[in-house]
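Coordinates in review
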Amino acid sequence: MNLETNEIVELIQEKTNQFISKTAMVLEVESTPLNMGYQAVGLSRHKVLIDDQGIQEYVSFITKMANTTERRILHRLYLQSAKVPFSTAHDIGSEDRALICIQDVDYKTHYQSLEFEMLQKKEVQALAYIHKTNHGLKEELSWLPIADRDHIEKMLYGRWRTVWEEAKKNEQFIEAFGQYIPEVEAVSSSIANDIEVVLNDESTHTLIHNDLNPGNVLVHNNEEVFFIDWEEARYGSLFLDIPLRFELNAARAYREVLLHEQYPAC
């Protein structure tokens, strides 16, 4: 067993004792590497057999080499009783990537039998709680990267533009969407200017996820919504999170929850 594997098993044992049972022992770990995007550095799922005073059961954990932003945010939000997975890391604050062991949020979820209306309400409440709890804490969250104009331009021209230019070379893409290319390019050239008023509105600044695609919003036990993958998190306008998840009616519901702090009991 190599040093990395030893560290993973050690973290899994610590997490088992901290969040499942103080008397449970890890008997077996079956690991499966996962390839889920450029941020998924060293990402693996672990099927773990534990024994708790003679009773054996399987549980599931995720490990990854997480950046300092994700490690610190997961720790902070869990202490705030926010809807994030519990996690364990030996290194919380260094600038380098470090191994983190995370709750496998949805390994028991049956996505074919979800109550979508109920879950959307819970997602609205959960995101509003995070935004409200961390609102206006610029100095306290000074270690977070800022979602400013420079950040938006890097996203547009460093990530999106590269993929976009490759897409325009694809004949099938051109056949299906060619008529929209001039319109998209016209809009993209003005996004940084158009969004600047939002970026500079400090009354809306808080901790934001900044990457709320569907893969980063998971359902736990068919009843709760959890937010994962906080690598792109920033301190900035909450309006950078809202359009990624909510259509108009849900956005209005979010605003009401945010204004009146109608959060569920944690």
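Reference entry: report on the structure contained in this document. As the structure is a computational prediction, the values presented were derived from the model and not from experiment.

Bringing the overall build of the protein chain into the picture now. Each helix and strand in the protein chain was counted, giving 10 helices and 9 strands. Taken over the C-alpha trace, the protein chain has a radius of gyration of 21 Å; the compact-globule value for 266 residues is 18 Å, and the two agree within 12%. Residues counted as buried form 43% of the 266 residues belonging to the protein chain. Across the protein chain, contacts joining residues at least 24 apart in sequence account for 69% of those joining residues at least 6 apart.

Residues Leu77, Leu207, Phe227, Trp230 and Tyr254 are the most contacted members of the largest nonpolar core, which totals 38 residues. Mapped by element, the contributors of at least two residues to this core are strand E3 (55–66), helix H2 (68–79), strand E5 (98–103), helix H3 (116–133), strand E7 (217–220), strand E8 (224–227) and helix H10 (248–260). Of all the elements, H3 adds the most residues to this core, at 7 residues. Counting 11 residues, the second largest nonpolar core, distinct from the first, contains Leu11, Ile12, Ala24 and Val48.

So, on to the side chain of asparagine 222. With respect to the helices and strands, the residue asparagine 222 is situated in the loop between E7 and E8. Owing to a relative accessible area of 17%, asparagine 222 belongs among the buried residues under this scheme. For asparagine 222, the side chain forms a polar contact with the main-chain oxygen of serine 113, separated by 3.5 Å.

Under the defined criterion, the tally for this structure stands at 7 aromatic pairs. Judged by centre distance (6.1 Å) and plane angle (35°), the ring pair of phenylalanine 246 and tyrosine 254 falls under tilted. Classification of phenylalanine 246 by relative accessible area gives buried; the value is 7%. Judged by relative accessible area, which is 3%, tyrosine 254 ranks as buried. One aromatic cluster is present, formed by Trp160, Trp164, Phe173 and Phe177 through successive ring pairs. Here the basic side chain of lysine 47 rests over the ring of tyrosine 58, its NZ or CZ set 4.6 Å away from the ring centre. Positioned above the aromatic ring of tryptophan 143 is the side chain of arginine 72, whose terminal nitrogen or guanidinium carbon lies 4.1 Å from the ring centre.

Our focus in this paragraph is the packing of H3 against H10. It is the contact of H3 with H10, at a shortest axis distance of 9 Å, that shows an interaxial angle of 45°. By the angle between their directions, the pair H3 and H10 is classed as oblique. For the pair H3 and H10, the crossing hand works out as right-handed. Residue-level contacts link Gln120, Val124, Gln125, Leu127, Ala128, His131 and Lys132 of H3 to Ala250, Ala253, Tyr254, Val257 and Leu258 of H10.

What follows is about the environment of isoleucine 12. Its location among the elements puts isoleucine 12 in helix H1 (residues 3–19). In this structure the C-alpha to C-alpha distance between isoleucine 12 and isoleucine 62, which are 50 residues apart in sequence, comes to 9.2 Å. For isoleucine 12, the contacting residues outside a window of four places in its chain are Val26, Val29, His46, Val48, Phe61 and Cys101.

Okay, the side chain of glutamine 103 next. Note that glutamine 103 resides in strand E5. Under the relative-accessibility criterion, glutamine 103 is labelled buried at 12%. What glutamine 103 contacts, discounting residues up to four positions off in sequence, is Lys15, Val84, Pro85, Phe86, His220 and Phe226.

Let us now look at the environment of leucine 114. Mapped onto the secondary structure, leucine 114 falls in the loop between E5 and H3. When its relative accessible area of 13% is taken as the criterion, leucine 114 is described as buried. Sequence separation between leucine 114 and asparagine 221 is 107 residues; the distance between their C-alpha atoms is 9.8 Å. Apart from the residues within four sequence positions on either side, leucine 114 is in contact with Thr109, Leu119, Val219 and Asn222.

Reading the values: the criteria
Residues numbered from 1 in each chain as written. Predicted model: local features only at pLDDT ≥ 70, side-chain atom pairs only at ≥ 80, totals over all residues. Heavy atoms only, no water. Helix = DSSP H or I, 4+ residues; strand = E, 2+ residues; numbered from the N terminus. Rg over C-alpha atoms; globule rule 2.2 N^0.38 Å. Buried < 20%, exposed > 50% of the residue type's maximum accessible area, 1.4 Å probe, protein only. Contact = heavy atoms within 4.5 Å. Core = buried A, V, L, I, M, F, W, Y, C linked by side-chain atoms within 4.5 Å. Polar contact = N/O pair within 3.5 Å; in protein donor to acceptor, adjacent residues only side chain to side chain. Phe/Tyr/Trp six-rings, centres within 6.5 Å; stacked < 30°, edge-to-face > 60°. Lys NZ or Arg CZ within 6 Å of the ring centre and 35° of its normal. Axes fitted to C-alpha atoms, helices over the stretch in contact; angles between N-to-C directions. Parallel < 35°, antiparallel > 145°, perpendicular 65-115°, else oblique. Left-handed = near helix turned anticlockwise from the far one by under 90°.

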